[in-house]
Every structure is written in structure tokens, then in C-alpha cells.
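Now for the letters of each chain:
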Amino acid sequence: MIILAIETSCDDTCIAILEIKNQKSKVKSFEILSNVVSSQVKLHAKYGGVYPMLAKREHQKNLPVVFKKALKRAKLLSGKIDLISLTVGPGLEPCLWVGINFAKELAKKLKVPIIPVNHIEAHIVANFIGENSTPPIFKQGAGRNSKLFPAVCLIVSGGHTQLILMTNIGKYRILGETRDDAAGECFDKVARILGLLYPGGPAIERQAATLNLKPLTLNLRLPRPMIYQKNYDFSFSGLKTAVLYDFKNRSPEIRKSKNYIREMAKEIQRAVIDVLIQKTLKATKEYKAKSIILGGGVTANNELRKQFQLTISNQQLTINFLVPPKIYCTDNAAMIALTGYFHRPQKEQYNLEKIKSNANLRLE
Ligand code: KG4
Ligand code: ZN
């Protein structure tokens, strides 16, 4: 079976092709034949954020090119495609529609069904790309618990910060989420205050990493919002405001100094990571989770990955810790392809008229 997946929910135009061999046997094989991501980062960097109508235009321009590239890399003709897997939400409405319209035309031409996919679920499923694709008996790799579920999933991206209880593929309950800015959005906004380029997360990570061996001199201390509250919600907009106040109260020389920018980057990264880890571990214990599963652009952050691992080992938790390879943390269509496979139609095909966007689609 060949699945072609389309992802245009934000500012990356993505198409991937997934081949599943031995589909009827217990030992299936999954291979990503191509995974093309055309990033609009340079365009949006000029404005410090994503403008939906600009992103839509870029998707319209890029999608046919990305499609050809994906087929070429997979060494495939379009006639071989059995199924189209498509992000329908959550995301930016105008951007989602570019993918949807493209998918519908292709589906009509090839006479294949479209599987609508939730982008957040796909960030979770990104962990199972490759060897671990066969549910419900996932191979555990270096995992320390033979069962995978229940799992606590932490999804942290530019648009979302959610803690989700997962009892199987397709079975989710949102335990908590951000009440204002997402963690990635907080990095993007703070980076802008500090004069760093969009996207802010990688820029902050790079600045903070330069300080690893040096002692800090400015003694900056930001709040850890909601860290000890009993719920699983988050709030990151106050952090951005705290950075802004500190920045405004500094002399122009300090503000521009490399040291200030680096130390502030390190402290904001630490503050966000502290809150994410504390809340995730609290949920893990309360729900007796067998696994912690991370996903979304922010989980590409090395310090976040390292601190999670350290905390799990310091607390001697018997738990599987899953985080995707970095290329599958940020937006991509490989994760959309595999999610579509898990939800493929068994008998009847989907009615194309029913496929529509849902900018606020929720995972429940
Ligand atoms: O999942 P994603 O690619 O797109 C959305 O679904 O939003 O996430 C993008 C977000 C951006 O806010 C970006 O700044 C953040 O992920 N990000 C990072 C890193 N790489 C991307 N944040 C921290 N550290 C990183 N290395
Ligand atoms: Zn995403």
C-alpha cells in the first residue's frame, strides 16, 4: 500500500510518501519513500511571525513543486498511490484549505480516498515512524516498561501546548493545555524582543548553548508560571512580559550585549523546560503512565530532551521515554502519512464532499 500525505497547516509545505509492505501479515514493513518539507521560514523571518494569507500564497506556489519532488524522490508514478492522508486541522484556515483543495483534485483524478488527519495526533504518531509502526504491540527499543499505554503525551509546538492521556492509537483525553501562548510561541516572541530571528526556538537554543561552560553573571531569574498548581494547564504569556520588562529596564549597552542575550535565552529556555517537565511528571504519576511521549517542534530542543532524560533517571522511574528524531518533531508529512494509515478506511471510501478544514480541531 502506498500513502501520499499532505501537510499545509502552518508555514511548511510538506508531502511524504509511505509504503507499507506485507500489509496482511503480522510483520508489516513501513518505509518512508520520501519526506519533502519546503519551509517558508525565510519569508516569515522578515515579519517575525507567520502571516496566514502570505503563507497560503506560498503553499499554493510550493505544493505542485513539492508534489513532483516527493514522487521523484520516491521513484514513483502518481498512479501507484492508494490513499491520500491529509491534515484538516488544527491550523491556519487559509493554509489548511490549500492542502485540502489539492488533495481533493488528486483524489478525484486517482480515484482514491482521503483520510482526514488531526495534526496534533500526528505529532504523537511521529514517534512510531520507522521500526515502531505496528500497534498495538510496539517494539520498545531501549524502553524499560514492556507496556506502552497508558501514556502521557506532551505536545509542544508553535500553536499548542497540551498534556494528553493516551490509552491507544485514536484514544485520547486532553488533561490540560495552555491558557494563552504556546511554548513555541513564547520562544518566538521572546526571540523577537531580544532581536533574534524567527523561528525563535532554535535561535534561543543556539544562544543558550553558547553558555554551557561559562558562569552566568547577570543572575536573571524568570517566573515558572503555574508550576505547582494542581491542574495540568500552562500559561506562558507572563514569561514574555517578564522578559519585556527586564529588557526595558536595562541600559541600551546591556540590552545589546551578547552576554545579556545569551543569559536571557538560557533562563527563558530553563523556565519553559522546568514547567513542562514538572507538569508532565505529575501527570505521569497520577495516571500511572507506562510511557512519556513527546511531540511537536519544541521537542527538537536538545536541552528539553536532555533534562527529561535526566529527571526520569534521577527519579528512577520505570517508564518508556519516547521522543521523535528531530526531523519528525517539527512539521512534516511523514507523520501525517502514518496517522492516516492507522485510521485508513476498512470498507467504504470517504465522501470527498465531507472533507473540510477545522482550524480548532481537538483531539477528543
Ligand atoms: O510543530 P511545529 O513545527 O509547528 C506547529 O505545529 O506549530 O512547531 C514550531 C515551533 C516554533 O514555535 C519554533 O520556535 C519551535 O517549534 N521550535 C523550537 C525548536 N525548533 C522549533 N523550540 C525550541 N527549540 C528548538 N530547537
Ligand atoms: Zn506542528
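Note that this is a predicted model, so its numbers are computed, not measured.

(A) Layout of the overall build of the protein chain. Scanning the protein chain from terminus to terminus reveals 11 helices and 10 strands. In terms of C-alpha radius of gyration, the protein chain reaches 21 Å, essentially the compact-globule figure of 21 Å for 364 residues. With the principal axes as the frame, the protein chain shows a C-alpha extent of 65 × 45 × 30 Å. Looking at the protein chain residue by residue over its 364 residues, the buried ones come to 53%.

(B) Quick look at the site of ligand 1. Within the structure, ligand 1 sits among 20 residues, and Gly158, Asp188, Gly201, Glu205 and Gly297 are positioned closest to it. The contact in question runs from an oxygen atom of ligand 1 to an N or O atom on the backbone of Gly184, over 3.2 Å. Listing elements by their share of the shell around ligand 1, those giving two or more residues are helix 4 (119–125), helix 5 (183–193) and helix 6 (200–209). The dominant element in the shell around ligand 1, judged by the number of residues it contributes, is helix 6, at 4 residues. A class-by-class count of the residues in the shell around ligand 1 yields 5 nonpolar, 12 polar and 3 charged. No fewer than three residues from each of domain 1 (2–129 + 328–354) and domain 2 (143–323) sit in the shell around ligand 1.

(C) Broad picture of the nonpolar core. Ranked by internal contacts, the top residues of the largest apolar core, which has 49 residues, are Phe236 and Ile268. When residues of this core are traced back to their parent elements, those giving at least two are strand 6 (151–156), strand 7 (161–168), helix 5, helix 6, helix 7 (237–248), helix 9 (258–286), strand 9 (291–295) and helix 10 (302–314). Setting aside residues up to four positions removed in sequence, Phe236 forms contacts with Thr161, Thr178, Asp180, Asp181, Ala182, Ala183, Cys186, Val272, Val275 and Leu276.

(D) Spatial organisation of the coordination of the zinc ion (ligand 2). The zinc ion (ligand 2) binds to the protein through His119 (NE2), His123 (NE2) and Asp331 (OD), with metal-donor distances spanning 2.0 to 2.1 Å. The motif formed by the donor residues of the zinc ion (ligand 2), counted along the single chain, is H-x3-H-x207-D. Of this pair, His119 sits in helix 4 while Asp331 sits in the loop between strand 10 (320–322) and helix 11 (334–342), and the two are 212 residues apart along the sequence. The same class applies to His119 and to Asp331, which are both buried.

(E) Region of interest: the packing of helix 6 against helix 9. Their axes nearest at 8 Å, the elements helix 6 and helix 9 cross at an angle of 115°. Here helix 6 is positioned roughly perpendicular relative to helix 9, judged by the angle of their axes. Note that helix 6 runs across helix 9; the crossing there is left-handed. Across the interface between the two elements, Ile204, Glu205, Gln207 and Ala208 of helix 6 pack against Ile261, Arg262, Ala265, Lys266, Ile268 and Gln269 of helix 9. Of the residues assigned to the contact of helix 6 with helix 9, the class counts are 5 nonpolar, 2 polar and 3 charged.

(F) Quick look at the pattern of salt bridges. Enumeration over the complete set of coordinates arrives at 11 salt bridges. A salt bridge links Glu177 to Arg362, with the nearest nitrogen and oxygen atoms 2.8 Å apart. Taken as a pair, Glu177 in strand 8 (residues 171–177) and Arg362 in the segment after helix 11 lie far apart in primary sequence, 185 residues in all. According to the relative accessible area criterion, Glu177 is partly exposed, its value standing at 22%. By relative accessible area, Arg362 is classed as partly exposed at 43%.

(G) Region of interest: the packing of aromatic side chains. With the rule as written, the count across this model stands at 8 aromatic pairs. Geometrically, the ring pair formed by Phe308 and Phe321 is stacked, given 5.6 Å between the ring centres and 20° between the ring planes. Of the two residues, Phe308 is situated in helix 10 and Phe321 in strand 10; the sequence distance between them amounts to 13 residues. On the basis of relative accessible area, Phe308 is assigned to the buried category, the value being 0%. A residue is classified by how much of its surface remains accessible, and Phe321, at 19% relative accessible area, is buried. Grouped by ring-pair contacts, the aromatic residues Phe30, Tyr341 and Phe342 constitute a single cluster. Stacked on the ring of Phe247, the Lys or Arg Arg255 has its end atom at 5.1 Å from the ring centre. A cation over an aromatic ring shows up here: Lys279 above the ring of Phe234, its NZ or CZ 6.0 Å from the ring centre.

(H) The arrangement of the confidence of the model for the protein chain in detail. Chain-level statistics for the protein chain give a pLDDT mean of 92 and a share of 93% at 70 or above. Between residues 132–144, whose pLDDT stays under 50, and residues either more than four places distant or in other chains, the model counts 25 contacts.

(I) Representation of the sheet that holds strand 3 (residues 29–39) within the structure. Within the open sheet, the 5 strands sit side by side as 3-2-1-4-5. Their pairing is mixed. Each having just a single partner strand, strand 3 and strand 5 (114–118) make up the two edges of the open sheet. Across the sheet, the mean angle separating the axes of adjacent strands is 20° when strand polarity is ignored. The pairing of strand 4 (residues 83–89) with strand 5 spans 5 bridges and is classified as parallel. Directly across from Leu86, in strand 5, lies its bridge partner Pro116. The strands that helix 2 (residues 52–74) touches are strand 1 (2–7), strand 2 (12–21) and strand 3; relative to strand 2, the one it contacts most, it runs at about 30°. Helix 3 (residues 93–110) contacts strand 1, strand 2, strand 4 and strand 5 of the sheet and is inclined by roughly 160° relative to strand 4.

What counts and what doesn't
- Residues numbered from 1 in each chain as written.
- Chains lettered and ligands numbered in written order.
- Predicted model: local features only at pLDDT ≥ 70, side-chain atom pairs only at ≥ 80, totals over all residues.
- Heavy atoms only, no water.
- Helix = DSSP H or I, 4+ residues; strand = E, 2+ residues; numbered from the N terminus.
- Rg over C-alpha atoms; globule rule 2.2 N^0.38 Å.
- Buried < 20%, exposed > 50% of the residue type's maximum accessible area, 1.4 Å probe, protein only.
- Near = heavy atom within 4 Å.
- Polar contact = N/O pair within 3.5 Å; in protein donor to acceptor, adjacent residues only side chain to side chain.
- Nonpolar A, V, L, I, M, F, W, Y, C, P; charged D, E, K, R; others polar.
- Domains from an automatic or database assignment.
- Core = buried A, V, L, I, M, F, W, Y, C linked by side-chain atoms within 4.5 Å.
- Contact = heavy atoms within 4.5 Å.
- Donors = N, O, S within 2.8 Å, 3.2 Å for Na, K, Ca; no water.
- Axes fitted to C-alpha atoms, helices over the stretch in contact; angles between N-to-C directions.
- Parallel < 35°, antiparallel > 145°, perpendicular 65-115°, else oblique.
- Left-handed = near helix turned anticlockwise from the far one by under 90°.
- Salt bridge = Lys/Arg side-chain N within 4 Å of Asp/Glu carboxyl O.
- Phe/Tyr/Trp six-rings, centres within 6.5 Å; stacked < 30°, edge-to-face > 60°.
- Lys NZ or Arg CZ within 6 Å of the ring centre and 35° of its normal.
- pLDDT = per-residue confidence, 0-100.
- Pairing = 2+ DSSP bridges.

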